[in-house]
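Fold and contact review
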Amino acid sequence: MPAKGQHRRPKSTSLGRGLAAVTTGGAVLALPVIGATSAFAAPAPAVAPQAVAPAAAATPANSAAKADPAKHSVVAGETLSKIAREHSVSGGWKKLYEGNRKVIGSNPDLIHPGIKLVIGVASAASSKDKAAKASPSAARGAAADRADRSERLNTAPVAKAAPAAEKKAVTYTNDLDGWIRESLAIMAERGIPGTYEGIHRNILRESSGNPNAINNWDSNAVKGTPSKGLLQVIDPTFQAYHVPGTSTDSYDPVANITAACNYAADRYGSIDNVFGAY
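Note that this is a predicted model, so its numbers are computed, not measured.

**A word on the packing of helix α8 (residues 176-190) against helix α12 (residues 253-268)**
Running from N to C, α8 and α12 point in directions that differ by 50 degrees, and their axes come no closer than 9 Å. Our classification of the angle between α8 and α12 gives oblique. Two packed elements cross with a definite hand, and for α8 against α12 that hand is right-handed. In this structure, α8 uses W179, I180, E182, S183, I186 and M187 to contact α12, whose residues at the interface are P253, V254, I257, T258 and C261. The residue makeup of the contact of α8 with α12, split by class, is 8 nonpolar, 2 polar and 1 charged.

**Regarding the pattern of salt bridges**
In the structure shown here, the tally under the stated rule is 4 salt bridges. Residue E197 is joined to R201 by a salt bridge in which the shortest nitrogen-to-oxygen separation is 3.3 Å. Taken as a pair, E197 and R201 lie in helix α9 (residues 196-206) at a separation of 4 residues, close to a single helical turn.

**Remarks on the packing of α8 against α9**
Here α8 crosses α9 at 130 degrees, and the two axes come no closer than 10 Å. Of the possible angle classes, the one that applies to α8 and α9 is oblique. Of the two possible hands of crossing, α8 and α9 adopt the one that is right-handed. Here α8 contributes L176, D177, I180, R181, L184 and M187 to the contact with α9, which in turn contributes Y196, I199, H200 and I203. In terms of residue class, the contact of α8 with α9 is built from 7 nonpolar, 1 polar and 2 charged.

**A closer look at the confidence of the model for the protein chain**
Taken over all residues, the pLDDT of the protein chain has a mean of 74, while the share at 70 or more is 58%. Here residues 1-66 is modelled with pLDDT under 50, and outside its nearest four sequence neighbours on either side it reaches 21 contacts, counting other chains as well. Of the regions scoring below 50 in pLDDT, residues 121-127 engages in 9 contacts with residues more than four places distant in sequence or in other chains.

**Some points on the packing of aromatic side chains**
Counted according to the given criterion, the structure contains 2 aromatic pairs. With a centroid separation of 5.4 Å and an interplanar angle of 70 degrees, the aromatic rings of Y241 and Y263 are classed as edge-to-face. Of this pair, Y241 sits in the loop between α11 (235-240) and α12 while Y263 sits in helix α12, placing them 22 residues apart in sequence. Here the aromatic rings of Y263 and Y278 are separated by 6.0 Å at their centres, their planes lie at 35 degrees, and the arrangement is tilted. One end of the pair, Y263, is in helix α12; the other, Y278, is in the segment after α12, with 15 residues separating them in the sequence. Looking at Y263, the relative accessible area reads 12%, which means it is buried. The rings of Y241, Y263 and Y278 are connected pair by pair, giving a single aromatic cluster.

**Notes on helix α4 (residues 92-99)**
Residues G92, W93, L96 and Y97 constitute the buried set of α4. One face of α4 carries all of its buried residues, which in axial projection span an arc of 145 degrees. Residues E98 and G99 are exposed on α4 and point more than 90 degrees away from its buried face.

**Brief notes about the side chain of Q232**
Tracing the chain through its elements places Q232 in the loop between β6 (227-228) and α11. Given the relative accessible area of 12%, Q232 is considered buried. A polar contact of 3.3 Å, which involves the side chain of Q232, links it to the backbone oxygen of A213. If near-sequence neighbours (up to four positions away) are discounted, Q232 is found in contact with E206, A213, I214, N215, S227 and N256.

Calculation criteria
- Residue positions are counted from 1 within each chain, in the order its sequence is given.
- For a predicted model such as this one, the threshold for reporting local features is a pLDDT of at least 70, and the threshold for listing and counting side-chain atom pairs is 80 or more; totals across whole chains, interfaces and linings nevertheless cover every residue.
- Heavy atoms from the whole structure form the basis of all side-chain values; hydrogens and water molecules are not counted.
- All axes are obtained by fitting lines to C-alpha atoms, using only the stretch in contact for helices, and the reported angles, taken between N-to-C directions, cover 0 to 180 degrees.
- Numbering of helices and strands runs from the N terminus, with a helix taken as a DSSP run of H or I at least four residues long and a strand as a DSSP run of E at least two residues long.
- Roughly parallel means an angle under 35 degrees; roughly antiparallel, over 145; roughly perpendicular, 65 to 115; everything else is oblique.
- For any helix crossing, the convention is left-handed if the near helix is rotated counterclockwise from the far helix by under a right angle, and right-handed if that rotation is clockwise.
- Throughout, a residue-residue contact means that at least one pair of heavy atoms, one from each residue, lies within 4.5 Å.
- Just so you know the grouping, Ala, Val, Leu, Ile, Met, Phe, Trp, Tyr, Cys and Pro go in nonpolar, Asp, Glu, Lys and Arg go in charged, and all remaining residues, Gly too, go in polar.
- One side-chain nitrogen of Lys or Arg within 4 Å of one carboxyl oxygen of Asp or Glu is enough to make a salt bridge.
- Per-residue confidence from the predictor is reported as pLDDT, which spans 0 to 100.
- Working definition: rings of Phe, Tyr and Trp (its six-membered ring) pair if their centres are within 6.5 Å, and the pair is stacked with planes under 30 degrees apart, edge-to-face with planes over 60 apart, and tilted otherwise.
- Per-residue accessibility, obtained with a 1.4 Å probe over protein chains only, is compared with the maximum for each type, and a residue is labelled buried under 20%, exposed over 50%, and partly exposed between these values.
- In this description, one arc is meant: the one made by directions from the helix axis to the C-beta atoms.
- Whenever a nitrogen or oxygen atom comes within 3.5 Å of another N or O atom, the pair is scored as a polar contact, on the condition that within protein one atom can donate a hydrogen and the other can accept it, and that pairs from neighbouring residues in sequence are kept only if both atoms are in side chains.

Here is the structure:
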């Protein structure tokens, strides 16, 4: 077994101390002076961290510059201006549209949910803000870009346009007044002249307002084509002047009125010009 070694605790070296006397107005101050042996233990100035800091700061910027472009999946209600603003796209919606024209199509106002937009690496927003604050021209450019994006946002996208209000259906009463008014509406769409008074006057003379009236005694009846309906129209005339969209039954009140008014317009200029047998 090796011999046990003797371990001694080394004596700690005493720091030399001296006294420095400074006379100021007769007063004597005793100040401790650090000996030469302790001067080498003074810590060196912290210069290295300052020199390294810029390189460390540059690392994230370099890695960001090499990062792959980001992609954004469009959801309903979004616009190019909104997406460009959220991702701080330099150049705004126009730049975003230029980079994704093939995906979006010819209309930048119409973007469909689900399409993938290439955004690119988002630039450092803080750096752009600082540059805009430092340069008046840059600040004006940023203000113009914001105004442009605001204008685009205020424009409603075509994909989200409100549906046109449905035309309210009009109902008519099932009586002489309702039949005349419904006939006048159809005549107005077809450009057939006539007034309520002119139609009403001739109906009272021809049938007394009875839609099932028929004349079985005049010359038309003798020929086998009796006059029928509110305005007493024979079948050949009804068929020749029938207004599309109405019933093909000559006894139908609206079909009978419109066909008779169409015939009167062709022969007399208007049903208003008829005051007797026609």
